[in-house]
Structures are given as structure tokens and as C-alpha cells.
Amino acid sequence: MKKSSVMVVLGLALALTACQGGGKAPESGASQVNEAAKEDLAAQGGEAKGEEAKGEEKGDDGAKAAASGETVTLKLSNNQPDGNCTTVAVEWFADQVRERTDGRVNIEVYNNGTLGDAISCLEQAQFGGMDIVKADLSTMTNFVDDYNALMMPYIYKDTEHFWKVHGGDVGMGILRGDKMKEKKLYGLTYYDGGTRCFYNTKKEIHSPEDMKGMLVRVQESELMMSMVERLGGQSVATAYSEVYSALQTGVVDAAENSIVNYLDQSHFEVAPYFVEDHHTRSADILVMGEKSREKLSEEDLKIIDETALESWEYQKELWAEAEEESKKKLLENPVTITELTPEELELFQEACKPIWYEYEGGAYKDLIDQIVAAGE
């Protein structure tokens, strides 16, 4: 089992090697997060001060631990491999929390999904069996359905539009909103999961017609399944750790993910046809259980929240560099990367656009309207 709780210098070394880390880690305390996210943190700080007695009750054990110099150890489950850009950011987050809390909070990072799949880890986090989980939005829809609105296929014009939504009222409202609290979960930050594209074992894809009848591995999400079916494929739910063997043995014909994970997971070895359709711009997410937060003082919770948002900025830089480097490396292998023409891409967009307002009976219309408006 891989357990990692490395020092900052090692996290930076990993960034330089595995993620081609031209991006620098943010300086301690120098958060570059957007204004909406910072205002959210400020509001939480004000509430904490205004409800000091309540905070003392909630964090009594953590406050006692802090006062006595004891260390609170938290487990963080990460389903990404060692050296992955998100892993580097998560490990940086863990190291910075330990440093900024003067050792009061020690976060042990377990990579490669060694503590279990994201859904089971999140379920444990609801009841204190797990502390922090790196998941993705598709998985989160099993707990809070509003995340579906952030994942609609082809809804974002570009990366700037994507981050404007996630760092603004819509994204932060879901991440730290009442629905999360009702599930006993607390969103720490988003991470860049890249744009998700299809890849397959059979042929180049230029239109939805080329996908007709294909068995396509998707995440465990009704939205993703609906998208594949709109494009003529047949969705198959397979665990992330089993995608390589499923493609290799013909259990599935195709899958979809970012170009970075396509390379990191070596899926290109068994599915050499990659099409840059960018059907969804995907965010990963770092989630903490409310039960685990009760172990900590308000001071340490604020440090965790601020540091998590800083790790988001760091990870975005690493990811942008990794995408560029991944494409270069893939082109050194027998891989076909298909760039769609505007006319070809429009065929995919038109096939999936109805999902925005039809999915689950139009349940996300208001959120969808806000997302679209943010890109205008």
C-alpha cells in the first residue's frame, strides 16, 4: 500500500519530473484563488467568530489536541497514481497544512486508490471512517445531484468559461452548499481534470455515426451514460482500475478521459485512437467529511480550507503543462490523435445539447442558464 506524507521539497521535485513542472508552487499564504472563493472563506471566518461558543463545542476535541500539542492524523484517499499532477498538488496541500499548523494536523496521502474506490471512501467519510477523499464530479453526483449541471456535454466555450463557473457563485455554491452539508460532506476545492475525450480500440472517429454500437466505458453517472447513448454508443460501467484490461480483452471498445490520464494510465497501448472532441471539461474535487472536521479547531479548519484553494491554483498550472507534454509523448507512439473540424464537432454538439434541459426533467434549468450566461 502506498502511503505518502512527503515534505514540500519532494512535492516540487515530483512536479518537475512527472508533471514537467515549469509551474511554481504558490508561496505560503499567497492564495491566488478567485474573489468568489476568497469571499466564501471570509464569510466562514466571520461565522466562526460570531459563533465562538458553538465552534468550541464543535471542535472541542481538536482544540484540546491543539492546546496540548498533540497531532491529529487524517487519511486522504487519492485514486490517482504517484507523480500525477493532481497527486503532486494533493501532496503539496498535505505538506503545507502540516507546516502551517505547526504539526498539529498531519495528513497522510494514500495514492493509487489503495484505500478503495471513491464512492466507498466518500460513504465512509460521511460517518468519520475516512477523512478526505479526492474524487471527481461524476462520482459526486451520487451524493449531490447539482454537480450534474457542471458536467453537461459541450456546455463550456473554453477553459476560461469553465473556471469562471467553478470559481464563481455556481461552482462554490455547490461545493460548500447546503446539499453537501446534508450529506455530511464539505467541499475543500476543485482541481482541473482536463477535457474528457473519447478513445477506442477500432478506428478513427469523425462523427457520432462512427460510434454507433460501440461499447463505451463511462463513469458511474446517468448523465455520462445518457451522453454516450445520444452519440449512438452503448454505455458500460467499469471500475477505473479495470479500464485497461477491459479495453485489452474487448469487454469495452472505447472509453473517455483526459489526454493526461490516457497517457498516465497507459490506455493508449490498447486503445490507440484518440479523438479531441472535448465533450466535457471535467473537474476533480477534494472532499472532507464533516465528522472529521469536528476533530479540529476553527483555526486549523481555516488553514485547511485556504491551503486547499491554493493547491487548486498550483494544480491548474501543472495540469496545463502536463496536457501539452502528454500530447507530445503520445505522438511518439503508434497513436492516432484526431482533431475534429468545426463542422464535425457541431454534429456531436447538436446530438448532446438537448440533454442540458431534458436531463432529469429539466431539474437543472436555473443552474444551466447561469452557466451559459457566464460564458456570454
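Residues numbered from 1 in each chain as written. Predicted model: local features only at pLDDT ≥ 70, side-chain atom pairs only at ≥ 80, totals over all residues. Heavy atoms only, no water.

### Remarks on the overall build of the protein
Here is step 1: Of regular secondary structure, the protein possesses 18 helices and 10 strands.
Here is step 2: Considering only intrachain contacts with a sequence separation of at least 6, the fraction spanning at least 24 residues in the protein is 78%. (Helix = DSSP H or I, 4+ residues; strand = E, 2+ residues; numbered from the N terminus. Contact = heavy atoms within 4.5 Å.)

### A closer look at the packing of aromatic side chains
Here is step 1: Under the defined criterion, the tally for this structure stands at 10 aromatic pairs.
Here is step 2: When the ring of F162 is compared with that of W163, the centres are 4.7 Å apart and the planes differ by 65°; the resulting orientation is edge-to-face. Neither residue differs from the other here; F162 and W163 are each classed as buried.
Here is step 3: Judged by centre distance (4.8 Å) and plane angle (40°), the ring pair of Y262 and F274 falls under tilted. (Phe/Tyr/Trp six-rings, centres within 6.5 Å; stacked < 30°, edge-to-face > 60°. Buried < 20%, exposed > 50% of the residue type's maximum accessible area, 1.4 Å probe, protein only.)

### Digging into unusual backbone geometry
Across residues other than glycine, the phi torsion is negative in most instances, and most of the peptide bonds are trans.
Here is step 1: The residue N112 is not glycine, and still its phi comes out positive at about 65°.
Here is step 2: Taking the relative accessible area as the measure of exposure, N112 reaches 38% and is therefore partly exposed.
Here is step 3: A positive phi is found at H278, a non-glycine position, where the angle reads about 50°.
Here is step 4: With respect to the helices and strands, the residue H278 is situated in strand β9 (residues 273-289).
Here is step 5: Overall, H278 belongs to the partly exposed group, its relative accessible area being 34%.

### Examining the pattern of salt bridges
Once their charged atoms are close, side chains differing in charge can pair, the charge on each being opposite to the other.
Here is step 1: A complete count under the given rule lists 18 salt bridges for this structure.
Here is step 2: Close ionic contact of K316 with E313 constitutes a salt bridge, the shortest N to O distance being 3.3 Å. Linking K316 with E313, this pair stays in helix α15 (residues 298-330), spanning 3 residues, or about one helical turn. Side by side, K316 and E313 carry an identical accessibility label, which is buried.
Here is step 3: In this structure, the salt-bridge partner of D369 is K365, at a minimum N-O distance of 3.0 Å. Within this pair, D369 and its partner K365 are both found in helix α18 (residues 365-374), separated by 4 residues, close to a single helical turn.
Here is step 4: By relative accessible area, D369 is classed as partly exposed at 30%.
Here is step 5: Judged by its relative accessible area of 44%, K365 is partly exposed.
Here is step 6: Salt bridges sharing common partners tie together D102, R104, E299 and D300. (Salt bridge = Lys/Arg side-chain N within 4 Å of Asp/Glu carboxyl O.)

### Structural notes on the packing of helix α8 (residues 159-166) against α18
Here is step 1: Contact geometry of α8 with α18 gives a least axis separation of 9 Å together with a crossing angle of 130°. Comparing their axes, α18 and α8 come out oblique. In the crossing of α8 with α18, the sense of the turn from one axis to the other is right-handed. Contact residues: α8 offers H161, K164 and V165, while α18 offers I371, V372 and A374. (Axes fitted to C-alpha atoms, helices over the stretch in contact; angles between N-to-C directions. Parallel < 35°, antiparallel > 145°, perpendicular 65-115°, else oblique. Left-handed = near helix turned anticlockwise from the far one by under 90°.)

### Here's the deal with the pairing of strand β3 (residues 105-110)
Here is step 1: Of all 6 residues in β3, 6 are buried; the element is thus mostly enclosed.
Here is step 2: Residues of β3 alternate between two faces, with V105, I107 and V109 on one and N106, E108 and Y110 on the opposite face, all of them buried.
Here is step 3: In terms of strand pairing, strand β2 (residues 72-78) meets β3 through 6 bridges, oriented parallel. Residue pairing in the sheet places L74 in a bridge with I107 of β3.
Here is step 4: Between β2 and its parallel partner β3, the chain crosses via helix α5 (residues 85-100), and the hand of that crossover is right-handed. (Pairing = 2+ DSSP bridges. Right-handed = clockwise from strand over helix to strand, strands pointing away.)

### Thoughts on the packing of α5 against α15
Relative placement of two packed helices is described by the angle separating their axes and the distance separating the axes.
Here is step 1: The contact between α5 and α15 brings their axes to 8 Å, and the two run at 150°. With respect to α15, the axis of α5 lies roughly antiparallel. Viewed along their axes, α5 and α15 form a crossing whose handedness is right-handed. Taken together, the residues of α15 that come into contact with α5 (itself represented by C85, T86, V88, A89, W92, F93, Q96, V97 and R100) are I303, I304, T307, A308, E310, S311, Y314, Q315, L318, W319 and A322.

### Thoughts on helix α6 (residues 118-125)
Here is step 1: Regarding α6, the residues found buried are A118, I119, C121, L122 and A125. For α6, the angular spread of buried residues about the axis comes to 165°, placing them on one side.
Here is step 2: If you follow the buried residues of α6, they end up packed against β2, β4 (132-136), α7 (137-140), β5 (185-200) and β9.
Here is step 3: Backbone nitrogen of I119 and a side-chain oxygen of the N-cap are separated by 3.1 Å at the start of α6; the cap is D117. (Arc of directions from axis to C-beta. Polar contact = N/O pair within 3.5 Å; in protein donor to acceptor, adjacent residues only side chain to side chain.)

### Section: the environment of G113
Here is step 1: As for its position among the elements, G113 is in the loop between β3 and α6.
Here is step 2: Excluding residues within four positions of it along the chain, G113 makes contact with N78 and N79.

### Description of the nonpolar core
Here is step 1: Formed by 61 residues in total, the largest nonpolar core has its most connected members in M140, Y147, L150, M152, Y190 and I285.
Here is step 2: If sequence neighbours within four positions are ignored, Y147 has contacts with L137, M140, T141, I174, L175, M180, Y190 and I285. (Core = buried A, V, L, I, M, F, W, Y, C linked by side-chain atoms within 4.5 Å.)

### Re α5
Here is step 1: For α5, spanning 16 residues, the distance from its first C-alpha to its last is 22 Å, which sits close to the expected 22 Å at 1.5 Å a residue.
Here is step 2: Along α5, 14 of the 16 residues are buried, which leaves the element largely enclosed by surrounding structure.
Here is step 3: In this structure N84 caps α5, since a side-chain oxygen of it lies 2.8 Å from the backbone nitrogen of T86.
Here is step 4: Once α5 ends, the next one or two residues include D102, with phi positive near 55°. (Expected span 1.5 Å × (residues − 1).)

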